[in-house]
Every structure is written in structure tokens, then in C-alpha cells.
Amino acid sequence: MGFSSYKSSILVMVLAMVVATTSASNFYQDFDITWGDHRAKIINGGQLLSLSLDKVSGSGFQSKREYLFGRIDMQLKLVAGNSAGTVTAYYLSSQGPTHDEIDFEFLGNLTGEPYILHTNVFTQGKGNREQQFYLWFDPTRNFHTYSIIWNPQQIIFLVDNTPIRLFRNAESMGVPFPKNQPMRIYSSLWNADDWATRGGLVKTDWSKAPFTAYYRNFIAYTPASSNSFSNGEWKIHELDANSRRRLRWVQKNFMIYNYCTDYKRFPQGLPAECKNSKA
């Protein structure tokens, strides 16, 4: 076999393994519905999950297994129409008073007004590291991929494979970094009209209930994965030049809040990790 043929064979093998990993994902196998009764449903043979919220209750699910480092991908289609007052949360978390947590939260809005994507990182039970963004598309019309890459060097938040946030390991500055506590994946759809939309000024319109969000194509690339593609996905130590440009583009044009520039909130000085936050 010639070298070019060998390379082609290897590429086909790697792509086949990625496809196999994708198709093997099944919500019945990977997740448990934890609350909400009939409001949470796994359908299409385990390929689609929906969460709903009505005036009585929201709903939620969690992963069967825990993860310590990796890349987590999930495709979501958010609540359409007037979603004001609702929050769709999708996050990784450990348990206990010193838990670690990596958050995506989607804050609903009035029809025609943009969702706010709220992100946060908790280490040893301490959060207060919020960054918020508008999205450059309508997240209710189609499915979009929301990803977390988590390794000992950094946490990267991505939307459709575009990095939007980078949280580097700043232990050298005395800032704890989540690296010892395995986390489960959680998601929930719930009513938060006391704060979610315009600080609670806009309330949930229950005449529009039930509110429903959809999930599909969950993939976890972890250190335990057997394929070489997954190893490359989660071990990223530094963003490449194109990814850094995309990150700066998002943060310049779509970031609407950054705790690292909120001097009024931190009059005694910004948190130490903010010195390490440039793309």
C-alpha cells in the first residue's frame, strides 16, 4: 500500500469512528429524566429529548455518568415565540458546598427580542464570573451546537464551534480551577421571571405555555474515549490563530456583560483571573 493510500485509509477509519460515536449517542442510554414528570420526554428512539414548562412545573434531566475533562457537544433548539421569564440551563456540575460548575444559561425574551446567553464558571463553590452574550442567529428556528472543552489548562465555551469564552487555569495566581471533581451534565427548563428578563420587569406569559426546548446529537469526547479524534478535541492547549480571531469577533460584537470589566461591582479590584483573560 502506498503512503497516500495509507493516509486515506487512516482518514476513513477516523471519520468512521467519529460517525459511529455520533450515531451511538442515545438519550435513553446517556441520560435520566430527573423531574417534571410528563413534561420531559425522550422520543424518536432516543435521538431527541424535549423539556417543557407550564405554570405548575418545569422539567430537567441529568447524565448517567460523570466526566472529568473532555469535550461535551449538545444541539439545542430553544423555546420559540414569547419566552420571557423562562431559563433553559445546560451545564456541568459536581455536588456539595465546594462544587465546580460550568454554565450555559439561555434567558428568554419577548417575541422578536434576542435571547441572552449567560455563562459562568464556579470553582470550589465560588461563582460570580458571569459573561453574557447575544447570539448572531435566532436560536429558536434551528438546532445549534453548544460545546464545552474542559482540560487542565482551560475551559472553552463554543457555539457552533466558534469560541465565545475562554477561562484559563490561573492557579498560579491563587485562583482555584476545576480539575479534581468529576461533573455530571444537567439541563432544565424553568420559570425565573423574578430576574431572567430585564431584571424581572417582564413576567412569564402563561397563556403561551407550554414552553418547550429540544435537544439532540449529544456527543462526549473524553480521556476515556478510544478514538484519536476525541483525544485531539479535548486536549487543546491553545486556540489557533483563526479561533482567537473568532473569539475576539464574538466578544467585540456580541458580548453584553463581562465581570472582568465591571469596576463598579469590584471597587477593590477585579478578580485575579481577569488579568489572564485576554484572547
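Conventions and cut-offs
Residues numbered from 1 in each chain as written. Predicted model: local features only at pLDDT ≥ 70, side-chain atom pairs only at ≥ 80, totals over all residues. Heavy atoms only, no water. Helix = DSSP H or I, 4+ residues; strand = E, 2+ residues; numbered from the N terminus. Polar contact = N/O pair within 3.5 Å; in protein donor to acceptor, adjacent residues only side chain to side chain. Contact = heavy atoms within 4.5 Å. pLDDT = per-residue confidence, 0-100. Salt bridge = Lys/Arg side-chain N within 4 Å of Asp/Glu carboxyl O. Buried < 20%, exposed > 50% of the residue type's maximum accessible area, 1.4 Å probe, protein only. Pairing = 2+ DSSP bridges.

Description of the side chain of Thr119
Here is step 1 of the chain: Assignment of secondary structure puts Thr119 in strand 8 (residues 116-122).
Here is step 2 of the chain: A polar side-chain atom of Thr119 sits 2.9 Å from a polar atom in the side chain of Arg165.
Here is step 3 of the chain: Every residue in contact with Thr119, bar those within four places of it in the chain, is listed here: Asp103, Phe104, Arg129, Glu130, Gln131, Phe133, Phe157, Ile164 and Arg165.

Concerning the confidence of the model for the protein chain
Here is step 1 of the chain: Considering every residue of the protein chain, the mean pLDDT works out to 89; 86% of them sit at 70 or more.
Here is step 2 of the chain: Here residues 3-24 is a poorly scored stretch, pLDDT under 50, and it has 12 contacts once near neighbours within four places are set aside; other chains count.

Describing the pattern of salt bridges
Here is step 1 of the chain: The tally for this structure, following the rule as stated, stands at seven salt bridges.
Here is step 2 of the chain: For Lys64, the salt bridge is made with Asp32, and the minimal N-O distance between the two is 2.5 Å. Highlighted residues: Lys64 in the loop between strand 4 (59-63) and strand 5 (70-77) and Asp32 in strand 1 (residues 31-35), separated in sequence by 32 residues.
Here is step 3 of the chain: Across the pair Arg71 and Asp73 runs a salt bridge whose closest N-O atoms are separated by 2.8 Å.
Here is step 4 of the chain: With a relative accessible area of 7%, Asp73 lands in the buried category.

With respect to the side chain of Thr162
Here is step 1 of the chain: Relative to the helices and strands, Thr162 is located in strand 12 (residues 162-168).
Here is step 2 of the chain: For Thr162, the side chain forms a polar contact with the side chain of Arg246, separated by 3.3 Å.
Here is step 3 of the chain: Discounting chain neighbours no more than four positions away, the residues touching Thr162 are Trp136, Phe157, Arg246 and Val250.

A short note on the pairing of strand 8
The side chains of a regular strand alternate, residue by residue, between the two faces of the sheet.
Here is step 1 of the chain: Of all seven residues making up strand 8, seven are buried, and the element is well covered by its neighbours.
Here is step 2 of the chain: Burial along strand 8 is two-sided: Ile116, His118, Asn120 and Phe122 facing one way and Leu117, Thr119 and Val121 facing the other are all buried.
Here is step 3 of the chain: Two strands pair when backbone bridges link them, and strand 7 (residues 101-107) and strand 8 are joined in this way by seven bridges, in the antiparallel orientation. Bridging from a neighbouring strand, Asp103 pairs with Asn120 of strand 8.
Here is step 4 of the chain: As judged from the three bridges shared by strand 8 and strand 9 (residues 131-133), these two strands associate in the antiparallel manner.

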